[in-house]
Amino acid sequence: MLTGNPLSCPILGVPQARGESGQVQVLVRDNNVDQALKALKKKMQREGVFREMKLRRHYEKPSERRAREAAEAVRRARKMERKRLEREGF
């Protein structure tokens, strides 16, 4: 059973690095739940919760995980190099 703020969800596995409870929390102002939900989704997107949930839908073998992470690192490095060259005017 969940207790506390219904818009913060400990089930999502949010890391403990945030605050004392480790939950993503959003304040509801003037009973504007739509705005609070939009802010919650934005925070969760920024934290990578949706991406992690998608990855955890199915088991990923350790070798597949290493290969995926290596490919992501290559993509990040290429992107950073492109941006660096663009800033320098090449």
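Residues numbered from 1 in each chain as written. Predicted model: local features only at pLDDT ≥ 70, side-chain atom pairs only at ≥ 80, totals over all residues. Heavy atoms only, no water.

1. Observations concerning the pattern of salt bridges
Here is the rule we go by: Each reported salt bridge corresponds to a side-chain nitrogen of Lys or Arg within 4 Å of a carboxyl oxygen of Asp or Glu. The buried label applies to any residue whose accessible area, calculated with a 1.4 Å probe on protein chains only, is under 20% of its type's maximum; exposed applies above 50%, and partly exposed to all values in between. In this description a helix means any DSSP run of H or I spanning at least four residues, a strand means any run of E spanning at least two, and both kinds are numbered starting from the N terminus.
Going through the model one piece at a time under the given rule, you end up with seven salt bridges. The closest approach of N and O atoms between Arg56 and Glu52, which form a salt bridge, is 2.9 Å. Note on Arg56: relative accessible area 65%, which makes it exposed. For Arg84, the salt bridge identified is with Glu81, shortest N-O distance 2.4 Å. Of this pair, Arg84 and Glu81 both sit in helix α3 (residues 62–88), separated by three residues, roughly a single helical turn. Taking the relative accessible area as the measure of exposure, Arg84 reaches 31% and is therefore partly exposed.

2. Side note on helix α1 (residues 33–47)
Put simply, the rule is: The span one expects for a helix is its residue count, reduced by one, times 1.5 Å. Think of the arc as the fan of directions from the helix axis to the C-beta atoms.
Under the 1.5 Å per step criterion, the end-to-end length of α1 is 21 Å for 15 residues, consistent within 8% with the ideal 21 Å. Residues of α1 that are buried: Ala36, Leu40 and Met44. For α1, the arc enclosing every buried residue in end-on projection is 70 degrees, short of the 170-degree limit, so these residues lie on one face. Exposed residues on α1 whose side chains face more than 90 degrees from its buried face are Asp34, Lys38, Lys42, Gln45 and Arg46. Of the residues one or two after α1, Gly48 is the one with positive phi, at around 85 degrees.

3. Quick notes on a positive patch on the surface
Convention followed: Patch membership is restricted to residues that have no salt bridge and whose relative accessible area is over 30%. Joining uses 9 Å for like charges and 5 Å for the nonpolar side chains Val, Leu, Ile, Met, Phe, Trp and Tyr. Per-residue and other accessible areas follow the Shrake-Rupley method at a 1.4 Å probe size, with only the shown protein chains counted as cover for residues. Charge assignment: positive for Lys and Arg, negative for Asp and Glu; neither His nor the chain ends contribute. Charge positions come from single atoms, namely NZ of Lys, CZ of Arg, CG of Asp or CD of Glu.
Side chains of Arg78, Lys79, Arg82, Lys83 and Arg87 sit close together on the surface and give a patch of like positive charge. As for its position among the elements, Lys79 is in helix α3. The exposure class assigned to Lys79 is partly exposed, which follows from its relative accessible area of 46%.

4. Some details on α3
Taking 1.5 Å per residue, 27 residues should reach 39 Å; α3 reaches 39 Å between its end C-alpha atoms and fits that length. In the segment just after α3, Gly89 is the residue with positive phi, at about 90 degrees.

5. Section: the nonpolar core
Basically, it comes down to this: Buried Ala, Val, Leu, Ile, Met, Phe, Trp, Tyr and Cys residues that are joined via side-chain atoms within 4.5 Å together make up what is termed a nonpolar core.
Among the nonpolar cores identified, the biggest contains six residues, and these are Val24, Val26, Ala36, Leu40, Met44 and Val49. Broken down by element, the residue count for this core peaks at three residues, all from α1.

6. Overview of the confidence of the model for the protein
Here is the rule we go by: The pLDDT value tells you how sure the predictor is about a given residue, anywhere from 0 up to 100. Contacts were defined at the residue level, with two residues in contact if any of their heavy atoms lie within 4.5 Å.
On average, residues of the protein carry a pLDDT of 83, and 76% of them reach 70 or more. Here helix α2 (residues 49–55) is the element of the protein with the lowest mean pLDDT, 93, and α3 is the one with the highest, 96. The low-confidence segment residues 11–19, where pLDDT is below 50, has 13 contacts with residues more than four positions distant or belonging to other chains.

7. A short note on unusual backbone geometry
In the Ramachandran plot, Asp30 falls in the positive-phi region, its phi being about 55 degrees despite a non-glycine side chain. If you trace the backbone, Asp30 turns up in the segment before α1. Although it is not a glycine, Asn31 adopts a positive phi angle of roughly 55 degrees. Relative to the assigned elements, Asn31 resides in the segment before α1.

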